[in-house]
Structures are given as structure tokens and as C-alpha cells.
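Residues per chain, in single letters:
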Amino acid sequence: AQRVTQPEKLLSVFKGAPVELKCNYSYSGSPELFWYVQYSRQRLQLLLRHISRESIKGFTADLNKGETSFHLKKPFAQEEDSAMYYCALRTGRRALTFGSGTRLQVQP
Amino acid sequence: DTEVTQTPKHLVMGMTNKKSLKCEQHMGHRAMYWYKQKAKKPPELMFVYSYEKLSINESVPSRFSPECPNSSLLNLHLHALQPEDSALYLCASSQVGRGGRIYEQYFGPGTRLTVT
């Protein structure tokens, strides 16, 4: 069965520090991975998907099939990055399996 | 219109009530979803509709009854709910491409349901 693991419930960093939100997955097939973000009192929105290999708001994520990871990184955190981040896996079924989420707090 | 809208924003209902949650999108998406999100937990899939047909039911109790009357609307009918069903109910939609390929999901703001 597919599973997404986000080992950190809370990650607190200072403004300007590098950020890495960890995500590991288990799936025997060919996965599609996403990062979703939920800012305070806002809806869940897509941040990144691995197939597009893009950088959004300074965030990047690389799929490492050998380590079954899809960690989210940003070199210099900003206060406005404070939010809940969910890693999600889409398998052959038409839905997402979400990790438990990591709350990122960026302190001034 | 690039949003998924949900009504109502908040709903309080008793265990004997019948109510419905509504979701609407005008992006031409042919896949629509219901998720349930408890406090401080990730969204959990409940139902998936593809081309207005139910394609996935994640063993959801029958007191939750989904309906997709057309390609833009998705309803969730509620009857005889329990207090533990209190949660944020999220609707999402996505494009369906060739071979059933699914693109990213767009989420609505959710309906916060309280069952008393």
C-alpha cells in the first residue's frame, strides 16, 4: 500500500535560514509526488509537483527514487513561508494520499 | 473562474438532521473529490467522481451519500451523522487527460461541520 511519511510535525527556523521539509514515500509503482501548502485561514493549494521540476516561491523539490524521498527545500526562509506543508502521493488511482504534514514556523 | 467554491462555510447539525454540502467548479474539470480533514490531520479521501460517475468510495459509511448531478456540481448528503463526523469537508477538482491522466487538484475552502 502507498504511504507518505513526513517525520517532522513542526519545523522552526529563523528568517534567512535554509529550510528542508522531509518527505518519504512507499509505493511499488511509478509515483507522482506533490507538495501542497495551507496558509493560515486559506485553502489548500498546490506548491510543487515533481514532474514539472519548477521552482515556486523559491522552493524546489527533487524526486529521489533510490531514497524514495521528495524533500522540499528553500535556501532562505521568509516569514511569509510560515504555513502547513503536506507532501502528497498520487498513484494509479485518481486521488492523493497525504502525509501528516509539517508546520513551518519562520521566526523574525 | 479558477476556483472551487463550497457552501455553506459552516454547518451545525443534530444527529437526526438531514443536510447537504455543495461544491461547484467552472474550470471544466471532469474529476471531483470529497475529502475529510480532522483538526491537525491531513485530508483523507472519501469519494472520487470521474465524468460524473462514482469511481472511488473509500469505505465511507452510508450516512454520507455523494451525488454528482452534472460536471460542475458535487453534493454530499448527510443523514444521521455522529459527533465524530465533525470535521472540515474539502471538495477538490482536477482535469482528466488522455488515458485518464489526472492533473493537479484544486481545493475548495471547505465546509466546517459540527455534529451535536
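Residues numbered from 1 in each chain as written. Chains lettered and ligands numbered in written order. Predicted model: local features only at pLDDT ≥ 70, side-chain atom pairs only at ≥ 80, totals over all residues. Heavy atoms only, no water.

**A short note on the overall build of chain B**
- Scanning chain B from N- to C-terminus turns up zero helices and eleven strands.
- What you see in chain B, going N to C, is helices and strands ordered as β-β-β-β-β-β-β-β-β-β-β.
- Taken over C-alpha atoms, the radius of gyration comes to 14 Å for chain B, in line with the 13 Å a tight globule of 116 residues would show.
- Taken along its principal axes, the extent of the C-alpha atoms in chain B is 45 × 25 × 25 Å. (Helix = DSSP H or I, 4+ residues; strand = E, 2+ residues; numbered from the N terminus. Rg over C-alpha atoms; globule rule 2.2 N^0.38 Å.)

**Thoughts on the interface of chain B and chain A**
- Residue-level contacts link 22 residues of chain B with 18 residues of chain A.
- Summing the contributions of chain B and of chain A, the shared interface buries around 1,800 Å²; its carbon and sulfur component is 52%.
- In this structure, the connection of chain B to chain A is made through two salt bridges.
- In this structure, the salt-bridge partner of Arg49 of chain A is Glu104 of chain B, at a minimum N-O distance of 2.9 Å.
- Counting across the interface, chain B meets chain A through seven residue pairs in polar contact (both at pLDDT 80 or more).
- Going through the elements one at a time, strand 4 (31–37) and strand 5 (44–50) of chain B are the ones with two or more residues in the side of chain B that touches chain A.
- Partitioned by chemical class, the residues of the side of chain B that touches chain A number twelve nonpolar, five polar and five charged. (Contact = heavy atoms within 4.5 Å. Buried area = accessible area lost by both parts, 1.4 Å probe. Salt bridge = Lys/Arg side-chain N within 4 Å of Asp/Glu carboxyl O. Polar contact = N/O pair within 3.5 Å; in protein donor to acceptor, adjacent residues only side chain to side chain. Nonpolar A, V, L, I, M, F, W, Y, C, P; charged D, E, K, R; others polar.)

**Some thoughts on the sheet that holds strand 8 (residues 73–79) of chain B**
Residues and elements named next belong to chain B.
- Spatial ordering of the open sheet is given by 1-3-8-7, a layout of four strands whose pairing is antiparallel. Only two strands of the sheet have a single partner each, and these edge strands are strand 1 (4–7) and strand 7 (64–70). Here the average twist between neighbouring strands, direction ignored, is 20°.
- The pairing of strand 1 with strand 3 (residues 18–25) spans four bridges and is classified as antiparallel. Bridged to Thr5 within strand 3 is Glu24. (Pairing = 2+ DSSP bridges. Axes fitted to C-alpha atoms, helices over the stretch in contact; angles between N-to-C directions.)

**Structural notes on the side chain of Asp81 of chain A**
Residue and element names in this part refer to chain A.
- Summarising the element assignment, Asp81 is placed in the loop between strand 8 (72–74) and strand 9 (83–90).
- Accessibility expressed as a relative area gives 3% for Asp81, which makes it buried.
- In contact with Asp81, not counting residues within four places along its chain, are Phe59, Lys74, Phe76, Leu104 and Val106. (Buried < 20%, exposed > 50% of the residue type's maximum accessible area, 1.4 Å probe, protein only.)

**Quick word on the pattern of salt bridges**
All names here are of chain A.
- Inspection of the entire model under this criterion finds eight salt bridges over all chains.
- The closest approach of N and O atoms between Arg90 and Glu32, which form a salt bridge, is 2.7 Å. Here Arg90, found in strand 9, pairs with Glu32, found in strand 5 (residues 32–38); they are 58 residues apart in sequence, far enough to count as distant.
- Since its relative accessible area comes to 10%, Glu32 is described here as buried.
- Across the salt bridge formed by Lys74 and Asp81, the nearest N and O atoms sit 2.8 Å from each other. When sorted by exposure, Lys74 lands in the same class as Asp81, which is buried.
- Within the structure, one salt-bridge network assembled from shared partners comprises Glu20, Lys22 and Lys73.

**Brief notes about the environment of His50 of chain A**
All names here are of chain A.
- Relative to the assigned elements, His50 resides in the loop between strand 6 (45–49) and strand 7 (60–61).
- On the basis of relative accessible area, His50 is assigned to the buried category, the value being 14%.
- Along the chain, His50 and Glu32 lie 18 residues apart, while their C-alpha atoms are 6.8 Å from each other.
- Sequence-distant contacts of His50, defined by excluding residues within four places in its chain, comprise Pro31, Glu32, Leu33, Leu63 and Phe70.

**Quick notes on the state of the cysteines**
- Inspection of every chain in the model, using the stated rule, returns two disulfides over all chains.
- Two residues, Cys23 of chain A and Cys87 of chain A, share a disulfide whose sulfurs are 2.0 Å apart. Here Cys23 of chain A and Cys87 of chain A share a disulfide; its torsion about the S-S bond, -65°, makes the bridge left-handed. Placement of the pair is Cys23 of chain A in the loop between strand 3 (19–21) and strand 4 (24–26) and Cys87 of chain A in strand 9, with a sequence separation of 64 residues.
- For Cys87 of chain A, a relative accessible area of 0% puts it in the buried group.
- Residue Cys23 of chain B pairs covalently with Cys91 of chain B via a disulfide, S to S 1.9 Å. Since a negative S-S torsion denotes a left-handed disulfide, the Cys23 of chain B-Cys91 of chain B link at about -70° is left-handed. Here Cys91 of chain B lies in strand 9 (residues 87–94) and Cys23 of chain B lies in strand 3, a separation of 68 residues in the sequence. A single burial state applies to Cys23 of chain B and to Cys91 of chain B, both of which are buried.
- Free cysteine: Cys68 of chain B, not disulfide-bonded; nearest cysteine sulfur from Cys91 of chain B at 9.1 Å. (Disulfide = S-S within 2.5 Å.)

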